[in-house]
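Listed here are the chains, written in short residue letters.
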Amino acid sequence: MVKINDNYLKLKAGYLFPEINRRVKAFRFANPDAALIRLGIGDVTEPLPPACREAMKNAIDDMGTAEGFRGYGPEQGYEWLRKAIAEHDFQSRGCDVNAEEIFISDGSKCDSSNILDIFGAGNRVAVTDPVYPVYVDSNVMAGQTGKADSEGRYAGLTYLPISADNDFAAEIPSEPVDLIYLCFPNNPTGAVATKAQLKTWVEYARGNNALILFDAAYEAFIQDPDLPHSIFEVEGARECAIEFRSFSKNAGFTGTRCALTVIPKGLTGTCGQGEQIELWSLWNRRQSTKSNGVSYIVQRGAEAVYSAAGQAEVKALVSFYMKNAAIIRHGLSVSGFEFYGGQHAPYVWIKTPNGIDSWGFFDYLLNTISVVGTPGIGFGAAGEGYFRLSAFNSRENVNETMERIKCL
Ligand code: MLT
């Protein structure tokens, strides 16, 4: 008899975004003529940067020649891409990260969940609440939690509440933890961390033999030059952090797929016998067994992000979405909403009006103005009473959304 992974039975019925899709589908069925606008899932809408397209077309031509054809690529990703990343994204900001410490993959969602493969059972895990649901669900699947309570909080996880009361900055855990997920700029709240705040986390992790899993998928959206883009801008982070990054949101690769994970050489965890084992080697072993990486064509597209033209085009894309975020912020403010974020992140986090719950507000916006957002409770119990709008859409749709919201 085939036995299933019972941990899956602990999961809430559906992943957040498929549940939203289910409700939207039902709405569309009942209202086929409604002019629906989707500011729910953070999926980009603008075309790929020309520099990336050109590079991918050239790569396809390479593949059509005997000399240029490539089969399986190097497990960690092509060195020319890893070198470009190390130089532009890390060394240029003073981070001691080299190409060998970078692993190319098809997504930071995948990496931030697959990373659990290299950790043993029984690690105490801390997440913020609200949080990107992938961190929680992947821990549930891996058997790192007990069951969920009536509010959806899983036994065994340490939840660090973030709200307007603490400026969306989680407190250091009051109980010991081994793994800490941090995401800055934050999904879903749009909050950012200062270098001093990250330093506090690094000090905590180093002092308590904990490991920070730092998700920097939205770093390109930071507008203030004094804010850190990487955990490795903080001294000592090499001893206690792994960082995830993505080309999805800055270069529009959500459908193209390319991301990276940085695991510093020398970063270790403890094995059953008490010995220190290098995490880089474990992840390398895991990836070379379970993944064949990202296609040559896509990696060439990602490399083009670092060309002069690519840099300018990506900057323009980010500015476009951040202008959308500014329009959302302005529209919400004119309409009297309480909201946060949207200044260094493509997400605006709204307090739902008149105490209406998150799903109630979702249904209300869908049914009255045909606008789709994301209910805060989908990101955790402390997201109840909040609602997320994404700035990833056309200017026309964002303007139209704010016009509709004004009429509520
Ligand atoms: C979101 O809407 O939170 C994002 O699309 C999540 C993701 O990138 O996986």
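Analysis parameters
Residues numbered from 1 in each chain as written. Predicted model: local features only at pLDDT ≥ 70, side-chain atom pairs only at ≥ 80, totals over all residues. Heavy atoms only, no water. Helix = DSSP H or I, 4+ residues; strand = E, 2+ residues; numbered from the N terminus. Polar contact = N/O pair within 3.5 Å; in protein donor to acceptor, adjacent residues only side chain to side chain. Contact = heavy atoms within 4.5 Å. Pairing = 2+ DSSP bridges. Axes fitted to C-alpha atoms, helices over the stretch in contact; angles between N-to-C directions. Buried < 20%, exposed > 50% of the residue type's maximum accessible area, 1.4 Å probe, protein only. Right-handed = clockwise from strand over helix to strand, strands pointing away. Near = heavy atom within 4 Å. Areas by Shrake-Rupley, 256 points an atom, 1.4 Å probe, with all protein chains shown as cover. Nonpolar A, V, L, I, M, F, W, Y, C, P; charged D, E, K, R; others polar. Domains from an automatic or database assignment. Phe/Tyr/Trp six-rings, centres within 6.5 Å; stacked < 30°, edge-to-face > 60°. Lys NZ or Arg CZ within 6 Å of the ring centre and 35° of its normal.

(A) Molecular detail of the side chain of R245. Along the polypeptide, R245 turns up in strand 7 (residues 241-246). At 3.3 Å, the side chain of R245 and the backbone oxygen of H229 are in polar contact. Within polar-contact distance, the side chain of R245 engages the side chain of E243 at 2.8 Å. Setting aside chain neighbours within four positions, we find R245 in contact with D89, F90, S108, A216, E219, H229, S230, A259 and L260.

(B) Looking closely at the sheet that holds strand 15 (residues 386-390). Taking strand neighbours across the sheet as the criterion, the four strands line up as 11-12-15-14 in an open arrangement whose pairing is antiparallel. Strand pairing shows two members of the sheet lacking a second neighbour, strand 11 (339-341) and strand 14 (374-375), which therefore form its edges. Of the strand pairs in this sheet, strand 14 and strand 15 are connected by two bridges, and their pairing is antiparallel. Note on strand 15: the bridge partner recorded for P375 is F387. This element, helix 10 (residues 358-369), spans strand 14 and strand 15 of the sheet and lies at about 45° to strand 15.

(C) Layout of the pairing of strand 4 (residues 157-161). By the criterion of burial, strand 4 is predominantly enclosed, with four of the five residues buried. One ladder, built from five bridges, connects strand 3 (residues 125-129) with strand 4; its direction is parallel. Each bridged residue has a counterpart across the sheet, and for T128 the counterpart in strand 4 is L160. At this point the chain moves from strand 3, through helix 5 (residues 133-141), to the parallel strand 4, and the crossover so formed is right-handed.

(D) Summary view of the site of the ligand. The environment of the ligand is made up of F17, I41, G42, K109, Y132, N187, Y218, K249, Y347 and R388. The protein chains hide 85% of the 270 Å² of surface that the ligand would expose on its own. Residues belonging to the shell around the ligand are distributed by class as follows: five nonpolar, two polar and three charged. Shared between two domains, the shell around the ligand holds at least three residues of each, these being domain 1 (6-47 + 309-406) and domain 2 (53-307).

(E) Fine view of the side chain of S108. Along the chain, S108 turns up in helix 4 (residues 108-114). A residue is classified by how much of its surface remains accessible, and S108, at 9% relative accessible area, is buried. Setting aside chain neighbours within four positions, we find S108 in contact with A217, F244, R245, S246 and A259.

(F) Molecular detail of the packing of aromatic side chains. Tallying each qualifying case throughout the model produces 23 aromatic pairs. Aromatic side chains Y218 and F221 sit 6.4 Å apart centroid to centroid with 50° between the ring planes, which places their arrangement in the tilted category. With a relative accessible area of 6%, Y218 lands in the buried category. In this structure an aromatic cluster arises from ring pairing among Y218, F221, F320, Y321, Y347 and F392. Over the ring of Y386 we find K351, and its NZ or CZ is 4.6 Å from the ring centre.

(G) Seen up close, helix 8 (residues 296-303). Most of helix 8 sits out of view: six of its eight residues are buried. Among the residues of helix 8, those classed as buried are Y296, V298, Q299, R300, G301 and A302. Of the surrounding secondary structure, the elements contacted by the buried residues of helix 8 are helix 2 (50-63), helix 3 (79-90) and strand 2 (102-105).

(H) Region of interest: unusual backbone geometry. Geometrically, the link from D129 to P130 is a cis peptide bond, its omega value of 5° lying close to zero. Looking at where P130 falls in the secondary structure, it is placed in the loop between strand 3 and helix 5. The peptide bond linking F184 to P185 adopts the cis configuration, its omega dihedral lying at -10°. Take P185: it is sitting in the loop between strand 5 (179-183) and helix 6 (195-207). If you check the backbone angles, F168 has positive phi at about 60° while not being a glycine. Along the polypeptide, F168 turns up in the loop between strand 4 and strand 5. Among the residues examined, F168 registers a relative accessible area of 6% and is labelled buried. Backbone geometry at S370 places phi at a positive 55°, although glycine is not the residue there.

(I) View of the environment of F379. Here F379 is to be found in the loop between strand 14 and strand 15. Taking the relative accessible area as the measure of exposure, F379 reaches 2% and is therefore buried. Measuring from C-alpha to C-alpha, the distance between F379 and V134 comes to 9.4 Å, with 245 residues separating the pair along the chain. What F379 contacts, discounting residues up to four positions off in sequence, is L16, F17, D129, P130, V131, P133, N187, P188, W349, T374 and R388.

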